[in-house]
Amino acid sequence: MASQLPVEKPATANGEGSESGVYTLDSLKAHSTRESFWMLLHDKVYDVTQFLDEHPGGDEVMLEEAGKDATEAFEDVGHSDEARAMLKKMLVGEFKGEKSGKAAPKAVKTASESTSASGGFPLWVVPAAVFAAYIAWRVLLA
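All residue numbers refer to position in the chain's written sequence, counted from 1. Selection of residues for local features in this predicted model requires a pLDDT of at least 70, selection of side-chain atom pairs for listing and counting requires 80 or more, and totals for whole chains, interfaces and linings are taken over all residues. Side-chain metrics rest on all non-hydrogen atoms present in the structure, leaving aside hydrogens and water.

Some thoughts on the overall build of the protein chain
To be explicit about the condition: Starting at the N terminus, helices and strands are each numbered in turn, a helix being any DSSP run of H or I of at least four residues and a strand any DSSP run of E of at least two. Partly exposed describes any residue whose relative accessible area lies between the buried limit of under 20% and the exposed limit of over 50%, with all areas from a 1.4 Å probe on protein chains only and scaled to the type maximum. Two residues form a contact once any of their heavy atoms are found within 4.5 Å. To be clear on the numbers: accessible area is Shrake-Rupley with a 1.4 Å probe, and residue cover counts the displayed protein chains and nothing else.
Along its length, the protein chain carries five helices and four strands. Listing the helices and strands of the protein chain from first to last along the sequence gives β-α-β-β-α-α-α-β-α. Looking at the protein chain as a whole, 25% of its 142 residues are labelled buried. By sequence separation, contacts in the protein chain at least 24 residues apart represent 58% of the contacts at least 6 residues apart. Counting only carbon and sulfur atoms, one obtains 58% of the accessible surface of the protein chain, whose full area is about 10600 Å².

Structural notes on the nonpolar core
We apply this condition: Residues belong to one nonpolar core when they are buried, are Ala, Val, Leu, Ile, Met, Phe, Trp, Tyr or Cys, and are joined through side-chain atoms within 4.5 Å.
The biggest cluster of nonpolar side chains holds 12 residues, and these are F37, M39, L41, Y46, V48, F51, L52, M62, A70, F74, L87 and M90. Elements with a contribution of two residues or more to this core: strand 2 (38-41) and helix 4 (81-90). With near-sequence residues (within four places) excluded, L52 lies in contact with R34, F37, D59, M62 and L63. Listed in part, the eight residues of the second largest apolar core include Y23, L25, W38 and V45.

Section: the side chain of H31
Operational definition: Here a polar contact is taken to be a pair of N or O atoms separated by no more than 3.5 Å, where protein atoms must pair a possible hydrogen donor with a possible acceptor and residues adjacent in sequence count only if both atoms sit in side chains.
Mapped onto the elements, H31 comes out in the loop between helix 1 (25-29) and strand 2. Here the side chain of H31 touches S36 through a polar contact of 2.5 Å, side chain to side chain.

With respect to unusual backbone geometry
For residues that are not glycine, phi is negative in most cases, and the peptide bond is trans in most cases. Of note, H42 is a non-glycine position whose phi angle comes to about 55 degrees, a positive value. Inspection of the secondary structure assignment puts H42 in the loop between strand 2 and strand 3 (44-47). Taking relative accessible area as the criterion, H42 reaches 43% and is therefore assigned partly exposed.

Quick look at the UniProt feature "transmembrane region" (unreviewed entry) in the protein chain
Applicable threshold: UniProt positions are given in the numbering used here, feature names are shortened, and annotations may be inferred rather than shown by experiment.
Here, UniProt's "transmembrane region" (unreviewed entry) annotation points to residues 121-141. Along residues 121-141 one finds 81% helix and 0% strand; the C-alpha atoms at either end are 31 Å apart.

As for the pattern of salt bridges
Our working definition: The salt bridge definition used is simple: a Lys or Arg side-chain nitrogen within 4 Å of an Asp or Glu carboxyl oxygen.
Applying the stated criterion across every chain, the model contains four salt bridges. What you see here is one network of salt bridges that share partners, running through R34, D53 and D59.

What to know about the pairing of strand 3
How we decide: A strand pair is defined by DSSP finding two or more bridges across the two strands.
Across four bridges, strand 2 lies against strand 3 in antiparallel orientation. When the bridges of strand 3 are listed, L40 appears paired with V45. Between the antiparallel neighbours strand 2 and strand 3 lie two residues, among them H42 with a positive phi of about 55 degrees. In the sheet, strand 3 pairs with strand 4 (residues 91-95) via three bridges, with the strands oriented antiparallel. Bridge pairing in strand 4 places V45 opposite G93.

Examining the sheet that holds strand 3
Worth spelling out the cut-off: Only the contacting stretch of a helix is used when fitting its axis, a line to C-alpha atoms as for every element, and angles between N-to-C directions run 0 to 180 degrees.
An order of 1-4-3-2 is seen for the four strands of this open sheet, with the pairing classed as mixed. Each end of this open sheet is capped by a strand with a single partner; those strands are strand 1 (22-23) and strand 2. Sitting on the sheet, helix 4 touches strand 2, strand 3 and strand 4, and the angle it makes with strand 4 is about 90 degrees.

What about the layout of surface pockets?
Stated precisely, the cut-off is as follows: Put plainly, a pocket is an open set of points on a 1 Å grid over the protein atoms alone with protein on both sides within 12 Å along at least five of seven lines, a cavity is a set where a 1.4 Å probe fits but cannot get out, and a lining residue has an atom within 4 Å of a point. Grid points are joined across faces, edges and corners, and a volume is the space filled by probe spheres set on the points. Side-chain classes follow a simple rule in which Ala, Val, Leu, Ile, Met, Phe, Trp, Tyr, Cys and Pro form the nonpolar group, Asp, Glu, Lys and Arg form the charged group, and the remainder, Gly included, forms the polar group.
Counted as a void, the largest pocket has a volume near 370 Å³. If you go around the largest pocket, you meet 18 residues; those closest to its centre are F51, H55, M62, F74 and H79. Every element with two or more residues in the lining of the largest pocket is listed here: strand 2, helix 2 (59-63), helix 3 (71-77) and helix 4. Residue composition of the lining of the largest pocket, by class: 15 nonpolar, two polar and one charged.

Here you go:
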């Protein structure tokens, strides 16, 4: 007869977290130190603690994204296929819930409200000036 040994449930990547492999913002924020650092990328949670010292851009750029969705920062840099492949080994689980770190949607300006980024010069003046110059040219040469 087989002996009755207690069977342990497999531990999650953090040893404490969700048995279902689904994590929230609170669990992400609980792992935002150099000793235990998780990142949220594309709705997946990764334990990147061991990689902090190896990151080519330095650990500071990663630590700046602690406790929030780091997808935009990750994609803005343009990581290689090799970097993306490394993430598979660090996967902790899926993310569910509200994300922080996302900028609020920016209000879209109408054409009449648009201004240039440098000095606030109304952009509608340029086509008006071109039109006025055309009319003046036609009147003076007519």
